[in-house]
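# Understanding the architecture of this molecule
So the chains spell out like this:
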Amino acid sequence: MITGQTLRDAILSGANNIANQRTRVDELNVFPVPDGDTGTNMSMTIGAARAELEAMPDSCTVAEASKTAASAMLRGARGNSGVITSLLFRGFSKALKDKTEASSADLAAALQQGVEAAYKAVMKPTEGTILTVSRLAAEKAAECTELDVPAMWDATLQAGHAALDDTPNLLPVLKKAGVVDAGGQGIMLIFEGMKQVFDGGEIIAGAEVAAKPKVSSEAAGKGVFADDLMKVEDIKNGYCTQFLLHKDADASVTRLRAFLESNGDSVVVIEDDDVANCHVHTSDPGMMLSEAIKYGYLTNFKIENMHEQFLARQKQAKGLEKQAEAEEKKDSEFTYAAVDPEREYGFVAVAAGEGLKAVFGDLGVDAVVSGGQTMNPSTEDILAAIQSVPAKTVLVLPNNKNIIMASEQAQKLADRKVIVLPTRTVPQGMTAMLNFDPDLKPEENAVAMMQAADRVSTGLITYAARDSEFDGKPIKKGEIMALENGKIVATGTDLVKMTYRLARSMKKKDTQFITVISGCDVSDEDAEKTTDLVRTKCGSSVEVSHISGGQPVYYYMISVE
């Protein structure tokens, strides 16, 4: 027997397991349309129950846990596969009604009821899909009711995996793409997550949300990336349309479903006493919604253009092929990476010195091109870095006025969207990154980041590369020079004194932060002493910090903001 707490934790574990691997499931998705969203939809569907389940007490019954999960999934179901997933768990709610604990027989009955409901809800049930996998798993569960729950669930999983492995033999499009059914894989990941708790283990932890380095080139030519599955014109009903109908008292969902079936395909409709979750692929979403609103009011709209999804996957498929070739050659510091549709932003910066490269990495920059004053990278170098970042939009920070033009040339040659932020110094680039907001649109981010960068004053302590003249006075080769925002303001021979005097002169009434960035020719000990002097000379109202940048040419860079 299992308690409500165990069932609650098992569902949470299943939700985390598919969330952790949803991208892998997305890449399998070729039926009915290779739009690559099955894993995401199933993850979001079961994930819709997470907050309510986590709020339930350990004393909850299996009836309460299953009802809470089923109700939340019904309202949060996304896509064909998500709706079917919610139906499977609705079977748990019906079979476990009024029960405090559940036996193997109870769970087997729950699976069976869920499968029956799923088959009834689908317009044209197709074998070789999540329906087949869940049906054969449920049939095995029914044969093992004399076993305890862990053993019964293990047998159920084995049958499910065997059914999953057989899906390519039932659905030719799967065999052609070299994959198993995405929905079937998704439900097995959920069941595997549940198994860990049924076996007495902990809930599978949810993975930290982080940008993937890049999509694996192993997916090239398979699943949604197979190039000969279908043509975009084969998609007759190109809008995946879904909504939640809050029913009027006399609403006939049966009549609505008949209308959806006569004007679209991939129809799945599920309902409870108050709402119905409706999913249809159609050529006219407006007509579907206009009819549905006759039966109540609508919420949770989701309309997606499957033509665009399909074309985006085709483009990504070509990118993955190019990525696979680049990985095999390995002839560049930056290896080409296909664009990942889930990755909105990426960053490229130009900087010299291991310390500065590490700083930009910590700030979220994906690729740092070696370069700066006297060592400007080529357009080809910058382009290679841009195309090694698997993001839809790549922001480039040149960090030197002489590198902006090469960056803009690379922008024109790139196969993804690129925005060049005309940062003229390393401190400007660092401040720009600190002001990035992932919730803003690319153009809005560019404006906000550059506004922040323009508020930064940059001081540089370097040396004269040759004899010259400043303000009517001769400068000898090797003499130390202080520059403020690109202009020479002083020369001298005492490195420490020149540095703290420059920082002090740059400090304004509203200055809050001064960062001293030491170069490769300055020891850490000397840098700390100099930073302490800057701190003393600039007063306690300013926060002064030190970074070991390791850059050549400049003994110190000073950021004032």
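Residues numbered from 1 in each chain as written. Predicted model: local features only at pLDDT ≥ 70, side-chain atom pairs only at ≥ 80, totals over all residues. Heavy atoms only, no water.

## Quick notes on the overall build of the protein
In terms of helices and strands, the protein carries 21 helices and 16 strands. Long-range pairs, those at least 24 residues apart, make up 72% of the contacts in the protein with a sequence separation of at least 6. (Helix = DSSP H or I, 4+ residues; strand = E, 2+ residues; numbered from the N terminus. Contact = heavy atoms within 4.5 Å.)

## As for the packing of helix 16 (residues 379-386) against helix 17 (residues 404-413)
For the pair helix 16 and helix 17, the least separation of the axes is 8 Å and the interaxial angle reads 55°. It follows that helix 16 is oblique to helix 17 by the angle criterion. Handedness of the helix 16/helix 17 crossing: right-handed. Every residue of helix 17 that contacts helix 16 at Thr379, Ile382, Leu383 and Ile386 is listed here: Ala406, Ser407, Gln409, Ala410 and Leu413. When its residues are assigned to classes, the contact of helix 16 with helix 17 shows six nonpolar, three polar and no charged. (Axes fitted to C-alpha atoms, helices over the stretch in contact; angles between N-to-C directions. Parallel < 35°, antiparallel > 145°, perpendicular 65-115°, else oblique. Left-handed = near helix turned anticlockwise from the far one by under 90°. Nonpolar A, V, L, I, M, F, W, Y, C, P; charged D, E, K, R; others polar.)

## Considerations on the pattern of salt bridges
Considering all chains together, one arrives at 21 salt bridges under this definition. For Arg416, the salt bridge identified is with Asp415, shortest N-O distance 2.9 Å. Relative accessible area serves as the criterion here: at 6%, Arg416 is assigned to the buried category. Given a relative accessible area of 29%, Asp415 falls into the partly exposed group. Three or more residues are tied together by salt bridges with common partners; here these are Arg8, Asp9 and Asp58. (Salt bridge = Lys/Arg side-chain N within 4 Å of Asp/Glu carboxyl O. Buried < 20%, exposed > 50% of the residue type's maximum accessible area, 1.4 Å probe, protein only.)

## Side note on helix 19 (residues 442-454)
Helical geometry: 3.6 residues make up each α-helical turn, so side chains three or four residues apart lie on a common side. The terminal C-alpha atoms of helix 19, which comprises 13 residues, lie 18 Å apart, in line with the 18 Å expected from a rise of 1.5 Å per residue. All of the buried residues in helix 19 are Pro442, Asn445, Ala446, Met449, Met450, Ala452 and Ala453. Around the axis of helix 19, the buried residues are gathered within 155° of arc, so they sit on the same side. On the buried face of helix 19, the contacting elements are strand 5 (345-351), strand 7 (393-397), strand 8 (417-420) and helix 18 (426-434). (Expected span 1.5 Å × (residues − 1). Arc of directions from axis to C-beta.)

## A few points about the packing of helix 7 (residues 104-121) against helix 9 (residues 149-170)
At a minimum axis distance of 9 Å, the contact between helix 7 and helix 9 shows a crossing angle of 30°. Accordingly, the angle class assigned to the pair helix 7 and helix 9 is roughly parallel. Classified by chirality, the crossing of helix 9 by helix 7 is right-handed. Residues Ser104, Leu107, Ala108 and Leu111 of helix 7 touch helix 9, and the partners they reach there are Val149, Met152, Trp153 and Thr156.

## Some remarks on the nonpolar core
With 71 residues, the main nonpolar core has Phe92 and Met194 as its most contacted residues. Excluding residues that lie within four positions of it along the chain, Met194 makes contacts with Ala10, Ile11, Ser13, Gly14, Phe89, Phe92 and Trp153. If you look at the next biggest cluster of nonpolar residues, it comprises 31 residues, including Tyr345, Phe360, Leu483 and Ile517. (Core = buried A, V, L, I, M, F, W, Y, C linked by side-chain atoms within 4.5 Å.)

## Re the sheet that holds strand 5
Strand order in the open sheet made by the four strands is 6-5-7-8, with parallel pairing throughout. Pairing within the sheet leaves two strands with one partner each, and these edge strands are strand 6 (367-370) and strand 8. Here the average twist between neighbouring strands, direction ignored, is 20°. Its contacts with the sheet put helix 19 on strand 5, strand 7 and strand 8, and the angle it makes with strand 8 is roughly 15°. (Pairing = 2+ DSSP bridges.)

## Topic: the sheet that holds strand 14 (residues 513-519)
In space, the six strands of this open sheet follow the order 13-12-9-16-14-15, with mixed pairing throughout. Each having just a single partner strand, strand 13 (487-492) and strand 15 (543-551) make up the two edges of the open sheet. Across this sheet, the average inter-strand angle for adjacent strands is 20°, counted without regard to direction. By the bridge criterion, seven bridges tie strand 14 to strand 15 in an arrangement that is parallel. In the sheet register, Thr515 faces strand 15, and the bridge partner there is Ser545. Taken strand by strand, helix 21 (residues 524-538) contacts strand 14, strand 15 and strand 16 (556-560), and its axis lies near 150° from that of strand 15.

## Focus on the side chain of Asn277
Locating Asn277 in the fold gives a position in strand 3 (residues 275-282). Taking the relative accessible area as the measure of exposure, Asn277 reaches 2% and is therefore buried. Reaching out from Asn277, the side chain makes a polar contact with the backbone oxygen of Ala77 at a distance of 3.5 Å. For Asn277, the residues in contact, after removing those within four places along its chain, are Leu74, Arg75, Ala77, Val83, Gln242, Phe243, Leu244, Val268, Val269 and Ile270. (Polar contact = N/O pair within 3.5 Å; in protein donor to acceptor, adjacent residues only side chain to side chain.)

## Notes on the packing of aromatic side chains
Under the counting rule described, the total for this entry stands at six aromatic pairs. For the ring pair Phe89 and Phe92, a centre distance of 5.4 Å and an interplane angle of 25° mean the geometry is stacked. One end of the pair is Phe89 and the other is Phe92, both in helix 6 (residues 79-95) and three residues apart, which spans about a single turn. For the pair Phe89 and Phe92, one class covers both residues: buried. (Phe/Tyr/Trp six-rings, centres within 6.5 Å; stacked < 30°, edge-to-face > 60°.)

## Side note on the pairing of strand 12 (residues 480-484)
Burial within strand 12 is extensive, with four of its five residues counted as buried. Inspection of the sheet shows strand 9 (residues 457-463) paired to strand 12 by five bridges, in the antiparallel sense. Bridge pairing links Tyr463 to Ile480 in strand 12. Of the pairings in the sheet, the one linking strand 12 to strand 13 comprises five bridges and is antiparallel in character. In the strand pairing of strand 13, Met481 is matched with Thr491. Taken together, strand 12 and the strand that follows it, strand 13, pair antiparallel across an intervening segment of two residues, in which Asn485 is found at a positive phi of about 50°.

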